[in-house]
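One letter stands for each residue in the lines below.
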Amino acid sequence: MKSHGRLSIRDSLQPRDLMAEPQVKGAWTAQIITLFPEAFPGVLGLSLTGRALAEGLWNLRTTDLRPFGIGKHRNVDDTPAGGGAGMVIRADVMDAALREAGGHLPVIYLSPRGKPFTQDRARQLASGPGMTLICGRFEGVDQRVLDAHGVEEISIGDYVLTGGELAAQVLIDTTVRLIPRVLGNQDSLAEESFSDGLLEHPQYTKPALWEGRAIPEVLLSGNHAAIASWRRDMAERLTKERRPDLWRAYGETRMDPTKDRQLSGASDQARDYRE
(Lines give C-alpha, C1' and ligand atoms only; values in the text may rest on other atoms or scores of the structure.)
Protein backbone atom coordinates (compact mmCIF):
# COMPACT_ATOMS: atom_id res chain seq x y z
CA MET A 1 0.00 0.00 0.00
CA LYS A 2 1.17 3.49 -0.82
CA SER A 3 -0.23 6.47 1.06
CA HIS A 4 -0.99 9.86 -0.50
CA GLY A 5 -2.83 11.81 2.17
CA ARG A 6 -6.32 10.34 2.37
CA LEU A 7 -5.86 8.31 -0.81
CA SER A 8 -4.52 4.75 -0.81
CA ILE A 9 -3.17 3.23 -4.02
CA ARG A 10 -3.12 -0.48 -4.84
CA ASP A 11 -0.90 -2.00 -7.51
CA SER A 12 -3.98 -3.70 -8.97
CA LEU A 13 -5.99 -0.50 -9.20
CA GLN A 14 -8.49 -0.57 -12.07
CA PRO A 15 -9.66 2.58 -13.93
CA ARG A 16 -13.07 2.72 -12.22
CA ASP A 17 -11.42 2.19 -8.82
CA LEU A 18 -9.63 5.50 -9.28
CA MET A 19 -12.95 7.25 -8.63
CA ALA A 20 -13.75 5.37 -5.44
CA GLU A 21 -13.97 7.23 -2.16
CA PRO A 22 -12.19 8.62 -0.31
CA GLN A 23 -11.39 11.58 -2.53
CA VAL A 24 -8.44 13.83 -1.75
CA LYS A 25 -9.58 16.88 0.16
CA GLY A 26 -8.64 20.16 -1.50
CA ALA A 27 -7.52 18.62 -4.79
CA TRP A 28 -8.76 19.99 -8.11
CA THR A 29 -12.08 18.23 -8.83
CA ALA A 30 -14.01 17.33 -11.96
CA GLN A 31 -17.67 16.63 -11.21
CA ILE A 32 -19.59 15.03 -14.09
CA ILE A 33 -23.37 14.91 -14.51
CA THR A 34 -24.13 12.19 -17.03
CA LEU A 35 -26.52 9.43 -18.01
CA PHE A 36 -23.49 7.18 -18.48
CA PRO A 37 -21.25 7.35 -15.41
CA GLU A 38 -19.61 4.11 -16.54
CA ALA A 39 -17.96 6.12 -19.34
CA PHE A 40 -15.58 7.60 -16.75
CA PRO A 41 -12.70 7.74 -16.19
CA GLY A 42 -12.22 6.24 -19.66
CA VAL A 43 -8.92 7.45 -21.16
CA LEU A 44 -8.57 9.79 -18.19
CA GLY A 45 -7.62 6.75 -16.12
CA LEU A 46 -4.59 6.08 -18.35
CA SER A 47 -1.14 7.58 -18.79
CA LEU A 48 -0.29 10.86 -17.05
CA THR A 49 -3.85 11.83 -16.11
CA GLY A 50 -4.52 8.38 -14.68
CA ARG A 51 -1.33 8.40 -12.65
CA ALA A 52 -2.14 11.89 -11.35
CA LEU A 53 -5.62 10.70 -10.40
CA ALA A 54 -4.16 7.74 -8.53
CA GLU A 55 -1.69 10.03 -6.75
CA GLY A 56 -4.46 12.35 -5.61
CA LEU A 57 -3.44 15.38 -7.67
CA TRP A 58 -7.06 15.66 -8.83
CA ASN A 59 -10.45 14.09 -8.12
CA LEU A 60 -13.05 12.69 -10.52
CA ARG A 61 -16.66 12.26 -9.43
CA THR A 62 -19.79 11.37 -11.36
CA THR A 63 -23.44 12.11 -10.67
CA ASP A 64 -25.81 9.73 -12.45
CA LEU A 65 -28.69 11.71 -13.95
CA ARG A 66 -31.08 8.74 -14.18
CA PRO A 67 -32.02 8.47 -10.44
CA PHE A 68 -33.40 12.02 -10.64
CA GLY A 69 -35.78 11.05 -13.44
CA ILE A 70 -39.56 11.30 -13.16
CA GLY A 71 -42.02 8.45 -12.63
CA LYS A 72 -41.68 4.71 -12.54
CA HIS A 73 -39.34 4.67 -15.53
CA ARG A 74 -37.18 7.55 -14.27
CA ASN A 75 -37.69 9.60 -17.42
CA VAL A 76 -35.17 12.43 -17.70
CA ASP A 77 -36.47 13.98 -20.94
CA ASP A 78 -39.62 15.07 -22.71
CA THR A 79 -40.74 16.39 -26.10
CA PRO A 80 -39.58 19.88 -27.18
CA ALA A 81 -41.94 22.77 -26.47
CA GLY A 82 -43.22 24.04 -29.80
CA GLY A 83 -42.77 20.69 -31.48
CA GLY A 84 -39.87 19.19 -33.36
CA ALA A 85 -37.81 16.04 -33.46
CA GLY A 86 -35.98 14.47 -30.57
CA MET A 87 -36.24 14.95 -26.82
CA VAL A 88 -35.00 17.55 -24.33
CA ILE A 89 -33.61 16.92 -20.83
CA ARG A 90 -36.07 18.34 -18.30
CA ALA A 91 -35.19 21.39 -16.20
CA ASP A 92 -36.43 19.86 -12.94
CA VAL A 93 -34.40 16.69 -13.45
CA MET A 94 -31.17 18.55 -14.25
CA ASP A 95 -31.75 20.99 -11.40
CA ALA A 96 -32.01 18.13 -8.90
CA ALA A 97 -28.78 16.60 -10.20
CA LEU A 98 -26.94 19.93 -10.02
CA ARG A 99 -28.07 20.47 -6.46
CA GLU A 100 -26.91 16.99 -5.54
CA ALA A 101 -23.51 17.66 -7.14
CA GLY A 102 -23.12 20.84 -5.10
CA GLY A 103 -22.76 24.47 -6.11
CA HIS A 104 -19.16 25.33 -5.18
CA LEU A 105 -17.69 24.67 -8.65
CA PRO A 106 -18.25 26.56 -11.92
CA VAL A 107 -20.79 24.70 -14.07
CA ILE A 108 -20.10 24.06 -17.75
CA TYR A 109 -22.46 22.58 -20.32
CA LEU A 110 -20.78 20.86 -23.28
CA SER A 111 -22.66 22.25 -26.27
CA PRO A 112 -21.87 22.87 -29.98
CA ARG A 113 -23.39 26.33 -29.61
CA GLY A 114 -21.01 27.28 -26.78
CA LYS A 115 -17.89 29.42 -26.95
CA PRO A 116 -14.89 27.59 -28.46
CA PHE A 117 -12.68 25.95 -25.85
CA THR A 118 -9.19 27.46 -25.75
CA GLN A 119 -5.90 26.87 -23.99
CA ASP A 120 -6.40 30.14 -22.11
CA ARG A 121 -9.74 28.92 -20.73
CA ALA A 122 -8.09 25.64 -19.74
CA ARG A 123 -5.45 27.58 -17.79
CA GLN A 124 -8.14 29.55 -16.00
CA LEU A 125 -9.99 26.38 -15.05
CA ALA A 126 -6.78 24.66 -13.92
CA SER A 127 -6.07 27.52 -11.52
CA GLY A 128 -9.45 27.14 -9.81
CA PRO A 129 -10.95 24.47 -7.55
CA GLY A 130 -12.36 22.41 -10.43
CA MET A 131 -15.54 22.30 -12.53
CA THR A 132 -18.91 20.62 -12.84
CA LEU A 133 -19.59 19.38 -16.37
CA ILE A 134 -23.06 18.69 -17.78
CA CYS A 135 -23.02 15.97 -20.44
CA GLY A 136 -26.04 16.55 -22.62
CA ARG A 137 -27.94 14.00 -24.68
CA PHE A 138 -30.82 14.03 -27.17
CA GLU A 139 -31.63 17.59 -28.36
CA GLY A 140 -30.06 19.26 -25.35
CA VAL A 141 -31.08 20.64 -21.96
CA ASP A 142 -34.01 22.90 -21.05
CA GLN A 143 -32.67 26.46 -21.28
CA ARG A 144 -34.34 27.50 -18.03
CA VAL A 145 -32.09 25.36 -15.85
CA LEU A 146 -29.00 26.64 -17.67
CA ASP A 147 -30.09 30.22 -17.02
CA ALA A 148 -31.05 29.54 -13.40
CA HIS A 149 -27.62 28.09 -12.55
CA GLY A 150 -25.58 30.55 -14.64
CA VAL A 151 -24.15 27.72 -16.70
CA GLU A 152 -21.29 28.44 -19.10
CA GLU A 153 -21.60 26.75 -22.50
CA ILE A 154 -18.40 25.49 -24.14
CA SER A 155 -17.84 23.83 -27.52
CA ILE A 156 -14.84 21.70 -28.48
CA GLY A 157 -15.49 22.15 -32.21
CA ASP A 158 -17.95 22.85 -34.99
CA TYR A 159 -19.53 19.41 -35.09
CA VAL A 160 -22.14 17.42 -33.17
CA LEU A 161 -21.43 14.43 -30.91
CA THR A 162 -23.94 11.83 -29.71
CA GLY A 163 -23.44 13.07 -26.15
CA GLY A 164 -21.23 15.25 -24.02
CA GLU A 165 -19.14 12.51 -22.41
CA LEU A 166 -16.33 12.60 -24.96
CA ALA A 167 -16.28 16.39 -24.91
CA ALA A 168 -16.10 16.32 -21.11
CA GLN A 169 -13.06 14.08 -21.25
CA VAL A 170 -11.41 16.49 -23.68
CA LEU A 171 -11.98 19.42 -21.30
CA ILE A 172 -10.73 17.47 -18.32
CA ASP A 173 -7.62 16.14 -20.06
CA THR A 174 -6.70 19.58 -21.41
CA THR A 175 -7.13 21.16 -17.98
CA VAL A 176 -5.70 18.49 -15.69
CA ARG A 177 -2.36 18.38 -17.51
CA LEU A 178 -1.88 22.04 -16.55
CA ILE A 179 -2.15 21.27 -12.83
CA PRO A 180 1.30 21.41 -11.16
CA ARG A 181 3.11 18.04 -10.90
CA VAL A 182 0.79 16.26 -13.37
CA LEU A 183 3.36 16.47 -16.17
CA GLY A 184 6.83 15.19 -15.44
CA ASN A 185 8.42 18.20 -17.15
CA GLN A 186 6.41 21.38 -16.65
CA ASP A 187 8.80 23.26 -18.97
CA SER A 188 7.26 21.39 -21.91
CA LEU A 189 4.07 23.41 -21.46
CA ALA A 190 5.89 26.56 -22.53
CA GLU A 191 6.71 25.12 -25.97
CA GLU A 192 3.34 23.61 -26.88
CA SER A 193 0.88 24.86 -29.45
CA PHE A 194 -1.15 27.86 -28.21
CA SER A 195 1.21 28.46 -25.27
CA ASP A 196 2.23 31.81 -26.80
CA GLY A 197 -0.62 32.27 -29.24
CA LEU A 198 1.13 30.22 -31.94
CA LEU A 199 1.08 26.67 -33.25
CA GLU A 200 4.02 24.53 -32.20
CA HIS A 201 7.10 24.26 -34.41
CA PRO A 202 7.86 20.92 -36.16
CA GLN A 203 9.50 18.23 -34.02
CA TYR A 204 12.22 15.74 -35.03
CA THR A 205 14.18 12.90 -33.41
CA LYS A 206 16.56 10.06 -34.39
CA PRO A 207 17.49 8.81 -36.91
CA ALA A 208 19.05 11.94 -38.43
CA LEU A 209 18.27 10.63 -41.92
CA TRP A 210 15.09 8.65 -42.59
CA GLU A 211 13.78 7.60 -46.02
CA GLY A 212 15.94 10.28 -47.62
CA ARG A 213 14.54 12.98 -45.32
CA ALA A 214 17.02 14.77 -43.07
CA ILE A 215 16.54 16.66 -39.83
CA PRO A 216 17.10 20.41 -40.48
CA GLU A 217 20.79 21.11 -39.93
CA VAL A 218 20.19 23.94 -37.49
CA LEU A 219 18.67 21.47 -34.99
CA LEU A 220 21.92 19.46 -35.01
CA SER A 221 24.20 22.49 -34.80
CA GLY A 222 24.32 22.80 -31.00
CA ASN A 223 23.72 26.53 -31.38
CA HIS A 224 20.88 27.05 -28.90
CA ALA A 225 20.20 30.64 -29.95
CA ALA A 226 19.92 29.61 -33.60
CA ILE A 227 17.68 26.68 -32.69
CA ALA A 228 15.36 28.91 -30.63
CA SER A 229 15.19 31.42 -33.49
CA TRP A 230 14.42 28.67 -36.04
CA ARG A 231 11.68 27.21 -33.85
CA ARG A 232 10.08 30.60 -33.33
CA ASP A 233 10.25 31.35 -37.05
CA MET A 234 8.66 28.02 -37.95
CA ALA A 235 5.92 28.45 -35.34
CA GLU A 236 5.05 31.84 -36.83
CA ARG A 237 5.09 30.52 -40.40
CA LEU A 238 2.91 27.51 -39.62
CA THR A 239 0.42 29.64 -37.70
CA LYS A 240 0.19 32.16 -40.56
CA GLU A 241 -0.34 29.35 -43.09
CA ARG A 242 -2.72 27.08 -41.17
CA ARG A 243 -4.56 29.27 -38.69
CA PRO A 244 -5.18 32.79 -40.03
CA ASP A 245 -7.50 33.47 -37.08
CA LEU A 246 -4.72 32.83 -34.56
CA TRP A 247 -2.27 34.77 -36.69
CA ARG A 248 -4.49 37.85 -36.76
CA ALA A 249 -4.90 37.77 -32.98
CA TYR A 250 -1.17 37.29 -32.52
CA GLY A 251 -0.29 40.05 -34.98
CA GLU A 252 -2.53 42.63 -33.33
CA THR A 253 -0.28 42.83 -30.28
CA ARG A 254 3.08 41.23 -31.05
CA MET A 255 4.00 41.05 -34.72
CA ASP A 256 6.38 43.50 -36.39
CA PRO A 257 4.68 44.50 -39.69
CA THR A 258 8.03 44.16 -41.52
CA LYS A 259 8.43 40.57 -40.39
CA ASP A 260 4.80 39.86 -41.25
CA ARG A 261 5.52 40.84 -44.85
CA GLN A 262 8.64 38.65 -44.86
CA LEU A 263 6.57 35.65 -43.80
CA SER A 264 3.90 36.22 -46.44
CA GLY A 265 5.78 34.19 -49.04
CA ALA A 266 7.28 31.72 -46.62
CA SER A 267 4.65 28.99 -46.71
CA ASP A 268 6.59 26.97 -49.30
CA GLN A 269 9.71 26.93 -47.11
CA ALA A 270 7.70 25.78 -44.11
CA ARG A 271 6.21 23.03 -46.23
CA ASP A 272 9.66 21.94 -47.48
CA TYR A 273 10.72 21.16 -43.92
CA ARG A 274 7.74 18.87 -43.51
CA GLU A 275 7.97 17.06 -46.85
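Up top you'll find the structure we're talking about.
Given the structure is predicted, the values throughout are model-derived calculations rather than measurements.

Analysis parameters
Residues numbered from 1 in each chain as written. Predicted model: local features only at pLDDT ≥ 70, side-chain atom pairs only at ≥ 80, totals over all residues. Heavy atoms only, no water. Phe/Tyr/Trp six-rings, centres within 6.5 Å; stacked < 30°, edge-to-face > 60°. Helix = DSSP H or I, 4+ residues; strand = E, 2+ residues; numbered from the N terminus. Expected span 1.5 Å × (residues − 1). Buried < 20%, exposed > 50% of the residue type's maximum accessible area, 1.4 Å probe, protein only. Polar contact = N/O pair within 3.5 Å; in protein donor to acceptor, adjacent residues only side chain to side chain. Salt bridge = Lys/Arg side-chain N within 4 Å of Asp/Glu carboxyl O. Contact = heavy atoms within 4.5 Å. Core = buried A, V, L, I, M, F, W, Y, C linked by side-chain atoms within 4.5 Å. Pairing = 2+ DSSP bridges. Axes fitted to C-alpha atoms, helices over the stretch in contact; angles between N-to-C directions.

What about the packing of aromatic side chains?
Inspection of every chain in the model, using the stated rule, returns three aromatic pairs. Taking 6.5 Å as the distance between ring centres and 55° as the angle between the ring planes, the aromatic pair formed by tyrosine 204 and tryptophan 230 counts as tilted. Taken together, the residues span a long stretch of sequence, with tyrosine 204 in the loop between helix H5 (165-176) and strand E10 (209-210) and tryptophan 230 in helix H6 (residues 224-242) at a distance of 26 residues.

Topic: H6
Between its first and last C-alpha, H6 extends 27 Å over 19 residues, near the 27 Å set by a 1.5 Å rise per residue. Of the positions making up H6, those classed as buried are Ile227, Trp230, Asp233, Met234, Ala235, Glu236, Arg237, Leu238 and Thr239. Sitting at the head of H6, asparagine 223 places a side-chain oxygen 3.2 Å from the backbone nitrogen of alanine 225.

Examining the pattern of salt bridges
Counting across every chain of the model gives eleven salt bridges. Across the pair aspartate 78 and arginine 90 runs a salt bridge whose closest N-O atoms are separated by 3.9 Å. Here aspartate 78, found in strand E5 (residues 77-78), pairs with arginine 90, found in the loop between strand E6 (88-89) and helix H2 (91-101); they are twelve residues apart in sequence, far enough to count as distant. Here arginine 121 and glutamate 152 are joined by a salt bridge, their closest N and O atoms 2.8 Å apart. Taken as a pair, arginine 121 in helix H3 (residues 119-126) and glutamate 152 in strand E9 (residues 152-155) lie far apart in primary sequence, 31 residues in all. What emerges from the salt-bridge pattern is a single network uniting Asp78, Arg90 and Asp92.

A few points about the environment of glycine 86
Tracing the sequence through the fold places glycine 86 in the loop between E5 and E6. Distance in space between the C-alpha atoms of glycine 86 and arginine 137 is 10.0 Å, their sequence separation being 51 residues. Those residues within four positions of glycine 86 in sequence are excluded, and the remaining contacts are Thr79, Pro80 and Glu139.

So, the nonpolar core
Counting 28 residues, the largest nonpolar core has Ile32, Trp58, Leu60, Met131, Leu133, Leu171 and Ile172 as its most contacted members. Going through the elements one at a time, strand E3 (28-34), helix H1 (47-54), strand E4 (58-64), strand E7 (107-116), H3, strand E8 (130-134) and H5 are the ones with two or more residues in this core. Ignoring anything within four residues of it in the chain, the contact list for leucine 171 reads Ile108, Leu110, Phe117, Met131, Leu133, Ile154 and Ile156. Counting residues in hydrophobic clusters, the runner-up holds 18 residues, among them Leu35, Met94, Ala97 and Leu98.

Focus: the sheet that holds E9
Spatially, E4-E3-E8-E7-E9 is the arrangement adopted by the five strands of the open sheet, whose pairing is parallel. This sheet does not close on itself; its edge strands, each paired only once, are E4 and E9. With direction set aside, neighbouring strand axes in the sheet form an average angle of 35°. Relative to E4, E3 runs parallel, the two being bridged by seven bridges. Among the inter-strand pairings, threonine 34 is bridged to a residue of E4, identified as aspartate 64.

Observations regarding the environment of aspartate 173
Structurally, the position occupied by aspartate 173 is in helix H5. When its relative accessible area of 32% is taken as the criterion, aspartate 173 is described as partly exposed. With 51 residues separating them along the chain, aspartate 173 and alanine 122 place their C-alpha atoms 9.5 Å apart. Setting aside its immediate chain neighbours within four residues, aspartate 173 contacts Leu44 and Thr49.

Shape is all these values report; function is a separate question.
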